[in-house]
Amino acid sequence: MEISTRWKTRSKAMSSGGSTQRLDSVVGIADRPKRVSISAEIAIAIRAHARGEAPREACGIIIGSAPAASGGAPLRWIPTTNVLASSTLYEIDPAQLLRISLDADDAGESIWGIVHSHVASPAVPSVTDTTVAGYPDALYLLVSLAPSQAAPDGEPGIRAWWIVDQVATEVELVVQA
Amino acid sequence: MSINVRIPPVLRAQTGGAKVVSVDGATLGATLHALVAAHPDLREQIFEADNTLRRWVNVYVDGADARHLGGLETPTRDDIEVVILPAMAGGAAAPVGE
Amino acid sequence: MRYESIGDAIGGTPLVRVDALIPEAARAKGIHLYAKVEMLGPTGSIKDRTAKALIDDLVFKGLLAPGKELLEPTSGNTGAALAVHAAARGIPITLVMPSNVTEERRAFVRALGATIVDSPADQGSNGAVLLARAMAKADSKYVSPDQYSNQANPKVHEITTAPEILADLPEVDVVVAGLGTGGTATGLARYFAREKPSVKIWSAEPMPGEKVTGLRSLEDGFTPEVMDTELLAGRILVNSRDSIIGARALARATGILAGPSTGATLAVALRVARDAEPNSNIVFIACDAGWKYFSAGLGDGNLDEMEDALEGDVFWW
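Here the residue numbers are simple positions, counted from 1 along each chain's written sequence. Note on labels: chains are lettered from A, ligands numbered from 1, in written order. It should be noted that, the model being predicted, local features are given only for residues of pLDDT at least 70 and side-chain atom pairs only at 80 or more, the latter also being counted only at that level, while totals for whole chains, interfaces and linings use all residues.

1. What about the overall build of chain B?
Selection rule: What counts as a helix is a DSSP run of H or I of at least four residues, what counts as a strand is a run of E of at least two, and both are numbered from the N terminus. Partly exposed residues are those whose C-beta has more than 12 but fewer than 20 other C-beta atoms within 10 Å; with 20 or more the residue is buried, with 12 or fewer it is exposed, and the C-beta atoms are placed from the backbone.
Each helix and strand counted, chain B has two helices and six strands in total. Walking chain B from its N terminus toward its C terminus, one meets helices and strands in the order β-β-α-α-β-β-β-β. Projected onto the principal axes, the alpha-carbon positions of chain B cover approximately 45 × 30 × 25 Å. Counting only residues that meet the buried cut, chain B has 42% of its 98 residues in that class.

This is the structure we're talking about:
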């Protein structure tokens, strides 16, 4: 897959009266992997979940051995409920998020990737996405169901991004055969 | 009182690496303020400028979402476990904050 | 299909072929006409989508905490749709509307638990907007969805209405939408510019002037922030008389009983069909149901008498 040009989006502070959220990222962008890969099995499952939840945005978490920014390996995909049940917004069910996060931490595993779908627009983080992103060492995977964004094999296109300090930077994503 | 606040990996940089911080507080709000007093870098993750709970942080008391309890007014007691997690949310929607 | 809330039961509306309306000359050229029937949602209008998106947007931003109340100036479909979604989600709502809005519309939203605040009839929709602004300024409990400037309005049509059309009719060539806030037309145009740039988007608009109050009229200089008309292939003004004629023709020829703005949109679609390339496929949005307009004479009122009674702004917003 070709490496896309660097994409940056910036946004204003999210909340009324709130300051811009800044999270100290553990790993600088320059030190992160230039390419990340996921198994065919995980890609198939993500695409199926995105299709199945349409026309609502789908969401889920990939657990890994370490955060993607640190070079961790993806281990398994966990689809989650979008409590907003919207075609343009998602929020991972807070109860599921708690369970998944505690189980991973207890097992010495990490949040590797956070996945959601855009049902009719490109797999590019929106200003909404970059404003709310709260896990700077995780990989943000976006799946697009828009016909023009399909992968060469006709499947929904998946693109990967770092989102740090409200700026999105694309990462080459390889889906293993 | 001794309330254990469990810190997820994504916020441990703000607690010097601590996974659990023990604080006192009669309410959840007081507990979180005590936490922030001990680790000021957590303030921005938890509170808005007006000291309300940030929209995109989830706080749990013994596994229950604080927003379904009493929010920051939720009474606390010894040995409860508080967990803080940044929310995971977003979407293709219109720009936020405009 | 199961849903957790009536507010979720929106979208996925039917696309119905209505070739019976096409003049013989156009039919001979292989032109086809389809109605996207938006009148089958919880309130029977395309605003069901818009209202959900507006409220979702406010909830997402954390602006609808307990103690807050929705406030919107609207005498038309947006108010009805907001009232449905507000009831479904337990959010208090106040709608500001001119005191001479028809009783059916007032009864509808009252039945859903909405509070109505009257604005002076002689100030029309302008008056409602001004009063709502004053109320919001005076009491911080009010939160306004503001369909005129909230980008969630065009976005919902870009992300839901438009893709449904393309999925049902990959061969679509033209889409015609009514232009009130401009949200539908703008959203359609953005989606098709990306997914099928050959598709042309046309708009049907009400005539400016007295019946369409100054705040709403593009000719009078007000352009809603959500509207981006640069993407449109064409914009045609349609008067009330032709809107009614169009709505009646649609009902009698196809069984689709829609409101006057749909009649206007159909009129534009037929104009486009007249000059279209052979084998063109034209879709027009049937954005609301006709039952609300019977008291205004939609069914069989005398057109000359009706024109004075019609409120242009009620149809379009």
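That covers the picture; the talk isn't over yet.
2. What to know about the overall build of chain C
Just so we agree on the cut-off: With the radius of gyration taken over C-alpha atoms, the globule rule is written as 2.2 Å times the number of residues to the power 0.38. Two residues form a contact once the distance between their C-beta atoms, set from the backbone, is within 7 Å.
Scanning chain C from N- to C-terminus turns up eleven helices and ten strands. Compactness check: chain C gives a C-alpha radius of gyration of 19 Å against a globular reference of 20 Å for 317 residues, within 12% of the reference. Taking the principal axes of its C-alpha atoms as reference, chain C extends roughly 60 × 45 × 40 Å. Sorting the 317 residues of chain C into buried and exposed places 55% on the buried side. Long-range contacts, defined as pairs at least 24 residues apart, comprise 72% of the intrachain contacts of chain C with a sequence gap of at least 6.

3. Observations regarding the packing of helix H6 (residues 152-168) of chain C against helix H7 (residues 183-195) of chain C
All names here are of chain C. Under the convention used in this document: Interaxial angles span 0 to 180 degrees and are taken between N-to-C directions of axes, which are lines fitted to C-alpha atoms, for helices over the stretch in contact. Orientation is classified from the angle alone, with under 35 degrees giving roughly parallel, over 145 giving roughly antiparallel, 65 to 115 giving roughly perpendicular, and any other angle giving oblique. Crossings are classed by handedness, with left-handed meaning an anticlockwise turn of the near helix from the far one by less than a right angle and right-handed meaning a clockwise turn. By the convention adopted, Pro, Cys, Tyr, Trp, Phe, Met, Ile, Leu, Val and Ala count as nonpolar, Lys, Arg, Asp and Glu as charged, and the other residues, Gly among them, as polar.
Contact geometry of H6 with H7 gives a least axis separation of 7 Å together with a crossing angle of 55°. The angle between H6 and H7 falls in the class oblique. The hand of the H6/H7 crossing is right-handed. Seen from H6, the contacting residues are Asn153, Pro154, Lys155, Val156, His157, Glu158, Thr161, Ala162, Pro163 and Leu166; seen from H7, they are Gly183, Thr184, Thr186, Gly187, Leu188, Arg190, Tyr191, Phe192 and Glu195. Within the contact of H6 with H7, the residues separate by chemical class into eight nonpolar, seven polar and four charged.

4. Here's the deal with the domain arrangement of chain C
Residues and elements named next belong to chain C. This is how the line gets drawn: For the domains described, the bounds stem from an automatic or database domain assignment.
Taken domain by domain, chain C comprises domain 1 (6-45 + 151-302) and domain 2 (47-143). Placing a centre on the C-alpha atoms of domain 1 and another on those of domain 2 gives a separation of 25 Å. The element that contributes the greatest number of residues to the side of domain 1 that touches domain 2 is H6, accounting for six residues. Grouping the constituent residues of the side of domain 1 that touches domain 2 by class yields six nonpolar, twelve polar and four charged.

5. Structural notes on the sheet that holds strand E3 (residues 57-61) of chain B
Stated precisely, the cut-off is as follows: Two strands make a pair as long as DSSP finds a minimum of two bridges between them.
Read from one edge to the other, the open sheet built from five strands follows the order E2-E1-E5-E3-E4 (chain B), with strand pairing classed as mixed. Each of the sheet's edge strands pairs with one partner strand only, and the pair in question is strand E2 (20-23) and strand E4 (64-65) of chain B. Sheet topology note: the E3(B)/strand E5 (residues 81-86) of chain B ladder contains five bridges and is antiparallel. Its bridge partner being in E5(B), B:Tyr60 is matched across the sheet by B:Val83. Sitting on the sheet, helix H2 (residues 94-106) of chain A is in contact with E3, E4 and E5 of chain B, with an inclination near 105° to E5(B). Sheet strands touched by helix H1 (residues 28-38) of chain B: strand E1 (3-6), E2, E3 and E5 of chain B. Its angle to E2(B), the strand with the most contacts, is close to 115°.

6. A few points about the pairing of E2(B)
Residue and element names in this part refer to chain B. Side chains Val21 and Val23 project from E2 onto a buried face, and the interleaved Val20 and Ser22 project onto a face without burial. Across four bridges, the pairing between E1 and E2 is antiparallel. Directly across from Arg6, in E2, lies its bridge partner Val20.

7. A word on the pairing of strand E2 (residues 59-64) of chain A
All names here are of chain A. Counting buried positions over the six residues of E2 gives six, a clear majority of the element. Residues Cys59, Ile61 and Ile63 of E2 are buried on one face, and the alternating residues Gly60, Ile62 and Gly64, pointing to the opposite face, are buried as well. Across six bridges, the pairing between E2 and strand E3 (residues 74-80) is antiparallel. Counterpart to Ile62 in the pairing with E3 is Trp77. Here six bridges tie E2 to strand E5 (residues 110-118), and the two strands are oriented antiparallel to one another. Considered in E5, the bridge of Gly60 is made with Val115.

8. What about the environment of B:Val61?
Residue and element names in this part refer to chain B. Note on placement: Val61 falls in strand E3. A tally of 21 C-beta atoms within 10 Å means that Val61 is categorised as buried. C-alpha separation for the pair Val61 and Pro75, spaced 14 residues apart in sequence, amounts to 9.9 Å. With residues near it in sequence (within four places) discarded, Val61 still touches Leu28, Ala66, Leu69, Thr74, Ile80 and Val82.

9. A closer look at the confidence of the model for chain C
Residue and element names in this part refer to chain C. Selection rule: Residue-level confidence of the predictor, termed pLDDT, takes values from 0 up to 100.
Per-residue confidence for chain C gives a mean pLDDT of 87; residues scoring 70 or more make up 91%. Contacts from residues 210-221, a stretch scored under 50 in pLDDT, to residues over four places away or in other chains number 29 contacts. Reported confidences for the modelled complex are a pTM of 0.89 and an ipTM of 0.94.

10. A few points about the nonpolar core
Heads up, the rule is: In plain words, the nonpolar core is the set of buried Ala, Val, Leu, Ile, Met, Phe, Trp, Tyr and Cys residues that C-beta atoms within 7 Å link up.
The biggest cluster of nonpolar side chains holds 158 residues, and the ones touching the most others in it are B:Ile84, C:Val175, C:Val176, C:Ala269, C:Ala273 and C:Ile282. Of the residues forming this core, the biggest block, eight residues, is contributed by helix H9 (residues 260-275) of chain C. When residues are assigned to domains, this core turns out to be shared by domain 1 (6-45 + 151-302) and domain 2 (47-143) of chain C, each giving three or more. Contact partners of C:Val175, with chain neighbours within four places excluded, come to C:Ile165, C:Leu188, C:Val199, C:Ile201 and C:Val283.

11. Focus on unusual backbone geometry
The omega torsion of the bond from A:Ala54 to A:Pro55 falls at 5°, within 30 degrees of zero and hence cis. Positive phi outside glycine occurs at C:Asp146, with the angle close to 55°. Residue placement: C:Asp146 occurs in the loop between strand E6 (142-143) and H6.

12. Describing H9(C)
To keep things clear, this is the line we draw: The span one expects for a helix is its residue count, reduced by one, times 1.5 Å.
With 16 residues, H9(C) extends 23 Å from end C-alpha to end C-alpha; this agrees with the ideal 22 Å at 1.5 Å per step. The buried fraction of H9(C) amounts to 13 of the 16 residues, a majority that puts the element mostly inside the structure.

13. Description of the sheet that holds E2(A)
All names here are of chain A. Spatial strand order, E1-E8-E7-E6-E5-E2-E3: seven strands in an open sheet with mixed pairing. Each of the sheet's edge strands pairs with one partner strand only, and the pair in question is strand E1 (35-38) and E3. Each strand of the sheet is rotated relative to its neighbour by a mean of 35°, with strand direction disregarded. Note: strand E6 (residues 139-144) against strand E7 (residues 157-164), five bridges, orientation antiparallel.

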